Amino acid sequence: MSASRFSDRNFDDLAHRFRNRIYGGLKGDIRLAVLNRDLAPLLNGRSDSLKVVDAGGGQGHFAMDLAQAGHRVFLADISAQMLEHAAAEVEERQLQKQVTLLHKPLQALPEQAELREADLVICHAVLEWLEEPQQALQHLRRLLKPGGYLSLTFYNRRALEFRLLQRGSFRQLERNIGEDYWGGHPGSLTPQTPLLPEWVEGWLGEVGFDIKCHSGIRCFHDFMTPSIREKLPAAAIVQKELEYSQLDPYRQLARYIHLLCRVP
């Protein structure tokens, strides 16, 4: 897989849309429920503080909760607008002592000594926007200490393919596969290079990660018609998403994949 014709995506122009479209609402509730469940064995019941690096963390929605729980968080992003939103959240929640904001690309993070030897690195919904996603995993690996964890989410190309098949958009599907480009219009939140799970799992193995947990995020939510979705209690949908998030074939078609990986 090659994405050499693209450049890394900077979300300065869309920062204002992320709180409602990505972090907020039922989609955000499902995302947080899966992440909190998957990371519970690592985070719950600890008496010590973890060193956490959020690479491409945007507004830091998930990282802020970790800081609130007492962990030391370094949140980095290439978007100054995203970091402005994150700074406002830090101030509102009085997390200045827990959170450091860094205006840096993912690739530059291992150069900073204070970021290395991290207990947990977060990289959520970043790889699919990068020119070289495979190399990015090497940079993330350098940030972690032995026994450290990587929480990785990425946009699942299988879900996008299935959506096009549902719509009968066969020509668009064939064109996207042929051109290896999947992004929508300039303001779209559909990534330019959604990833196949087998690619990412192979890359992780090459870098030396062990995959400890594999979950789907939004396994069926996005395939429900709005009229049906609106009739159901949000809590019931979240609960069913959790139940099916680690079952095949449902997680294979999830909009996002979450892999919790460990450095031996």
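Residues numbered from 1 in each chain as written. Predicted model: local features only at pLDDT ≥ 70, side-chain atom pairs only at ≥ 80, totals over all residues. Heavy atoms only, no water.

Concerning the side chain of Arg163
Checked against the element boundaries, Arg163 lands in helix H6 (residues 157–167). No salt bridge is formed by the buried Arg163; the nearest opposite charge belongs to Asp222, separated by 6.5 Å. Not counting chain neighbours up to four residues away, the residues in contact with Arg163 comprise Thr190 and Arg255. (Helix = DSSP H or I, 4+ residues; strand = E, 2+ residues; numbered from the N terminus. Buried < 20%, exposed > 50% of the residue type's maximum accessible area, 1.4 Å probe, protein only. Lys, Arg positive; Asp, Glu negative; His and termini not counted. Salt bridge = Lys/Arg side-chain N within 4 Å of Asp/Glu carboxyl O. Contact = heavy atoms within 4.5 Å.)

Digging into the packing of aromatic side chains
The tally for this structure, following the rule as stated, stands at four aromatic pairs. Considering the side-chain rings of Tyr155 and Tyr256, the 5.2 Å spacing of their centres and the 75° angle between planes classify their relative orientation as edge-to-face. Taken together, the residues span a long stretch of sequence, with Tyr155 in strand S5 (residues 144–155) and Tyr256 in strand S7 (residues 256–262) at a distance of 101 residues. The two residues Tyr155 and Tyr256 agree in class, both being buried. Judged by centre distance (6.5 Å) and plane angle (25°), the rings of Trp199 and Trp203 are stacked. Of this pair, Trp199 and Trp203 both sit in helix H8 (residues 197–207), separated by four residues, roughly a single helical turn. Accessibility expressed as a relative area gives 22% for Trp199, which makes it partly exposed. Relative accessible area serves as the criterion here: at 8%, Trp203 is assigned to the buried category. Above the face of the Phe74 ring, Arg72 is positioned so that its terminal group lies 4.6 Å from the ring centre. (Phe/Tyr/Trp six-rings, centres within 6.5 Å; stacked < 30°, edge-to-face > 60°. Lys NZ or Arg CZ within 6 Å of the ring centre and 35° of its normal.)

Details of the packing of helix H2 (residues 25–43) against helix H10 (residues 234–244)
It is at 10 Å that the axes of H2 and H10 come closest, and there the two elements cross at 40°. Our classification of the angle between H2 and H10 gives oblique. Note that H2 runs across H10; the crossing there is right-handed. Seen from H2, the contacting residues are Leu26, Asp29, Ile30, Ala33, Val34 and Arg37; seen from H10, they are Ala234, Ile237, Val238, Glu241 and Leu242. (Axes fitted to C-alpha atoms, helices over the stretch in contact; angles between N-to-C directions. Parallel < 35°, antiparallel > 145°, perpendicular 65-115°, else oblique. Left-handed = near helix turned anticlockwise from the far one by under 90°.)

A word on the side chain of Asp54
Within the fold, Asp54 resides in strand S1 (residues 51–55). It is Arg31 that comes nearest to the buried, bridge-free Asp54 among opposite-charge side chains, at 6.9 Å. Setting aside anything within four residues of it in sequence, one finds Asp54 in contact with Gly60, Ala63, Phe74, Leu75, Ala76 and Ile122.

Digging into the sheet that holds S1
Either a parallel or an antiparallel arrangement is found when strands of a sheet pair, and the pairing is made through backbone hydrogen bonds. Taken in spatial order, the seven strands of this open sheet run S3-S2-S1-S4-S5-S7-S6, and their pairing is mixed. A strand with exactly one partner marks an edge of an open sheet, and here the two such strands are strand S3 (99–102) and strand S6 (210–217). Here the strands of the sheet are splayed against their neighbours by 15° on average, with no regard to which way each runs. Inspection of the sheet shows S1 paired to strand S2 (residues 72–76) by five bridges, in the parallel sense. In the sheet register, Val52 faces S2, and the bridge partner there is Val73. Where helix H3 (residues 61–68) meets the sheet, its contacts fall on S1, S2, S3 and strand S4 (118–124), and the angle it forms with S2 comes to roughly 160°. Packed onto the sheet, helix H4 (residues 80–92) meets S2 and S3 and runs at close to 165° relative to S3. (Pairing = 2+ DSSP bridges.)

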